[in-house]
Amino acid sequence: MMILSIQPALVLSFAFAASLVRAQYDAALVGTWTTKSKKVMTGPGFYDPVNDNLIEPELAGISYSFTSDGYYEEAYYRAISNPTTPHCPSAIMQWQHGTYSLPGNGSLVLTPIGVDGRQLTSSPCSYDNAIYIRYEQPELMKSYEVLTDPFHNVPRLNLYKFDGSPIQPMYLAASPPQMLPTQTLNPTSVPSATGKRRVKRTDGGDGDSDQERLGPLNKNTVKTKVPSKESYNPDHWWWAGVGLTALGTVMYMMPTSL
Ligand SMILES: *[C@@H]1O[C@H](CO)[C@@H](O)[C@H](O)[C@H]1NC(C)=O
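On a predicted model such as this, the values are computed, not experimentally measured, just so you know.

Below, the discussion takes up the pattern of salt bridges. If charged atoms from side chains of opposite charge come close, those side chains can pair. In total, this model carries 3 salt bridges according to the counting rule given. Across the salt bridge formed by Asp52 and Arg118, the nearest N and O atoms sit 2.9 Å from each other. Remark: Arg118 occurs in strand E8 (residues 118-122) and Asp52 occurs in the loop between strand E2 (47-48) and strand E3 (53-54); sequence separation between them is 66 residues. The pair formed by Asp52 and Arg118 is uniform in burial state, with each residue classed as buried. For the salt bridge of Arg156 with Asp149, the shortest nitrogen-to-oxygen distance reads 2.9 Å.

Structure (C-alpha cells):
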C-alpha cells in the first residue's frame, strides 16, 4: 500500500524533472532557418572544416540552426555596399558555432566556440586581397519569435538584435537541423602559414537581388590566425561522420514564391 502510493509520486517527480530539463530550450527553435534566397544554409555546404574553407553560396543570405540540447550554428554571406564605390560592394562570409541559452527573460544568448569561427572578406575594387581570419562574436538576441508565416504558410523565425532591431526573417528549411559536428572542430589556435584561398566564385547578391555580381574573393588571399590542419584530432572525424549521417534530414519544401 505504501509502495503503491509512493510510486505515482516518484513518477510525477521524474516527469517534473524531465520537463524542467526540456524547459531550458524551446522546441519551436529547433531546425535550420534561412532567409528567402534559400542559398545560405549552415552545415558542410557552407564551411568545410577538413580543408578549412568557406564555400561561397550562389546568393547572399543568412542561416541559423538550433538543436534541442543547446547547440547552434550560424552562416552569414552578405554584400557590404560602400557609398564611394556603389558598383563594387565588398563581400563577407562569417561562420560560427557554439552553445546557446535561454535565460528566461525572452532573450537568446549565443556563445561561440572561439577557435572555430571563420570570416572571409573581400573588397575587390580597393585592394586585391581577400582576408581569411578567425572570427568570434558572441551574440545577444534581445528576443525571438517563431510563428507561421501568414503568406507562405511555413514556420518563420524573427530574431531581434541586442538593441531590438530585427534581423531578416528566416524560414524553416530543415528539421532536424543541418549542422556540422557541434563539438570543437579546431581545438588549438596555432596560426598557419599564409596560403591561397580556393573559393569558387559565382554570383553574389544582397539577399533580394539575384543580379548583382561581386568581385572574386580568391585573388591573392592572405590567410591569417587560422589553426593549421595538422592540429586536427582524428577523433573529431568520427563526429564529422555523425554530422553527415544527421544530414539525412527532412527537407521542408518551401514555396518557390518566397
Ligand atoms: C536577459 O538576460 C541576459 C542574461 O542575463 C541579459 O544579457 C539580457 O540583457 C537580458 N535581456 C533583456 C531583454 O533584459
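A word on the packing of aromatic side chains. In the structure shown here, the tally under the stated rule is 5 aromatic pairs. Between Tyr47 and Trp95 the ring centres are 4.7 Å apart and the planes differ by 35°, which places this aromatic pair in the tilted class. Of this pair, Tyr47 sits in strand E2 while Trp95 sits in strand E6 (residues 90-101), and the two are 48 residues apart along the sequence. For the residue pair Tyr47 and Trp95, the accessibility class agrees, reading buried in each case. Ring pairing ties together the aromatic residues Tyr25, Tyr64, Phe66, Tyr76 and Tyr100, which thus form one cluster.

Take the site of the ligand next. What surrounds the ligand is the set Pro103, Asn105, Ser107, Leu140 and Lys142. Here Asn105 contributes a side-chain N or O atom positioned 2.4 Å from an oxygen atom of the ligand. One of the side-chain nitrogen or oxygen atoms of Ser107 is found 2.8 Å away from a nitrogen atom of the ligand. Bound to the protein, the ligand loses 47% of the 360 Å² it would expose on its own.

Position of Glu136 relative to the elements: it lies in the loop between strand E9 (130-134) and strand E10 (139-148). Under the relative-accessibility criterion, Glu136 is labelled partly exposed at 48%. Residues Glu136 and Gly114 lie 22 residues apart in sequence; the distance between their C-alpha atoms is 5.2 Å. Beyond its immediate stretch of four places on either side in the chain, Glu136 contacts Gln96, Pro112 and Gly114.

What counts and how
Residues numbered from 1 in each chain as written. Predicted model: local features only at pLDDT ≥ 70, side-chain atom pairs only at ≥ 80, totals over all residues. Heavy atoms only, no water. Salt bridge = Lys/Arg side-chain N within 4 Å of Asp/Glu carboxyl O. Helix = DSSP H or I, 4+ residues; strand = E, 2+ residues; numbered from the N terminus. Buried < 20%, exposed > 50% of the residue type's maximum accessible area, 1.4 Å probe, protein only. Phe/Tyr/Trp six-rings, centres within 6.5 Å; stacked < 30°, edge-to-face > 60°. Near = heavy atom within 4 Å. Polar contact = N/O pair within 3.5 Å; in protein donor to acceptor, adjacent residues only side chain to side chain. Areas by Shrake-Rupley, 256 points an atom, 1.4 Å probe, with all protein chains shown as cover. Contact = heavy atoms within 4.5 Å.

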